[in-house]
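Each chain, written out:
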Amino acid sequence: MDIALFQPDIAGNVGTMLRTAACFGAPAHIVEPCGFPFSDAALKRAGMDYAVRANVRRHADWAAFEDWRTAAAKRLVLLTTGGATPLPDFDFDQGDLLLFGSESAGVPPHVHAAAAARVAIPMQPSFRSLNVAVAAGIALAEALRQTKGFAA
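Residues numbered from 1 in each chain as written. Predicted model: local features only at pLDDT ≥ 70, side-chain atom pairs only at ≥ 80, totals over all residues. Heavy atoms only, no water.

Draft legend 1. Focus on the UniProt feature "binding site: S-adenosyl-L-methionine" (unreviewed entry) in the protein chain. Residues annotated in UniProt with the feature "binding site: S-adenosyl-L-methionine" (unreviewed entry) correspond here to L79, G101, I121 and S129. Taken together, the annotated residues stretch across 51 residues yet fold into one region, lying no more than 13.8 Å apart by C-alpha. For the largest pocket, the lining residues among the annotations just cited are L79, G101, I121 and S129. Positionally, G101 belongs in the loop between β6 (97–100) and α4 (109–114). With relative accessibility at 13%, the residue G101 sits in the buried group. Beyond its immediate stretch of four places on either side in the chain, G101 contacts L5, F6, G106, V107 and V132. Among all residues touching S129, those that are not within four sequence positions of it are T81 and M123. (UniProt positions renumbered as here; feature names shortened; annotations may be inferred. 1 Å grid on protein atoms, 1.4 Å probe; cavity = no way out; pocket = protein on both sides within 12 Å on 5 of 7 lines; lining within 4 Å. Helix = DSSP H or I, 4+ residues; strand = E, 2+ residues; numbered from the N terminus. Buried < 20%, exposed > 50% of the residue type's maximum accessible area, 1.4 Å probe, protein only. Contact = heavy atoms within 4.5 Å.)

Put into structure tokens, the structure is as follows:
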């Protein structure tokens, strides 16, 4: 199970997601450009010493990411507030790649179109969205639970 961030805006959220990815053994992908200078120093506060231990692959842009994903035969599952399928109803596969949009803009229509599935985390009515790092932890944990992917 891989996780990916599309053009993230906030270094702290990236650090938190990389820490989560490292702890769960999930490869992480960053689709650039980022809204901040990507560096160990920028990620340190939230990622602590875990972020440097994450298996991270940076992609120069969406086209480079799509080239890699297609070659790797990864199904793209977009987590979005506009998702058609609630998270508890979605069936994950071991090779899935969970994609999360930028904090300020989500993802553009061409990224939505590339996704094999659009999944939403159910929330109380009238709330717009969860923090992207929190959403990534929730979705990754559910995907790992379903696929029996948690470390022994």
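Draft legend 2. Quick look at unusual backbone geometry. E32 connects to P33 through a cis peptide bond whose omega is 10 degrees. Within the chain, Q7 stands out as a residue other than glycine whose phi angle is a positive 45 degrees. The topology assignment puts Q7 in the loop between β1 (2–6) and α1 (11–24). For Q7, a relative accessible area of 27% puts it in the partly exposed group. Positive phi is not limited to glycine here, since A73 has a value of about 55 degrees. By secondary structure assignment, the location of A73 is in the loop between α3 (62–72) and β4 (76–79).

Draft legend 3. Representation of the sheet that holds β1. Spatial strand order, β3-β2-β1-β6-β4-β7-β5: seven strands in an open sheet with parallel pairing. A single partner strand is all that each edge strand has here, and the edge strands are β3 (56–59) and β5 (85–86). Note that strand β2 (residues 28–31) and β3 share four bridges and pair parallel. From the neighbouring strand, H29 faces β3, where its bridge partner is R57. Those strands touched by α1 are β1, β2, β3 and β6, and its axis lies near 170 degrees from that of β1. (Pairing = 2+ DSSP bridges. Axes fitted to C-alpha atoms, helices over the stretch in contact; angles between N-to-C directions.)

Draft legend 4. Region of the structure containing the nonpolar core. In terms of nonpolar packing, the biggest core is built from 30 residues, with I3, M17, L79, F92, L98 and F100 touching the most fellow members. Of all the secondary-structure elements, those providing two or more residues to this core are β1, α1, β2, β4, β6, β7 (117–120) and α5 (132–147). For this core, the element with the highest residue contribution is α5, accounting for eight residues. Membership of the second largest hydrophobic core comes to 13 residues, among which are A4, F6, V31 and W68. (Core = buried A, V, L, I, M, F, W, Y, C linked by side-chain atoms within 4.5 Å.)

Draft legend 5. A look at the side chain of S102. Tracing the chain through its elements places S102 in the loop between β6 and α4. Apart from residues no more than four positions distant in its own chain, S102 is found in contact with F6, Q7, P8 and D9.

Draft legend 6. Here's a closer look at the pairing of β4. Burial along β4 is two-sided: L76 and L78 and V77 and L79, pointing in opposite directions, are all buried. Two strands pair when backbone bridges link them, and β4 and β6 are joined in this way by four bridges, in the parallel orientation. Across the sheet, the residue bridging to L76 is L97, located in β6. Examined bridge by bridge, β4 and β7 share three bridges and lie parallel to one another. Residue pairing for β7: V77 is matched across the bridge by A117.

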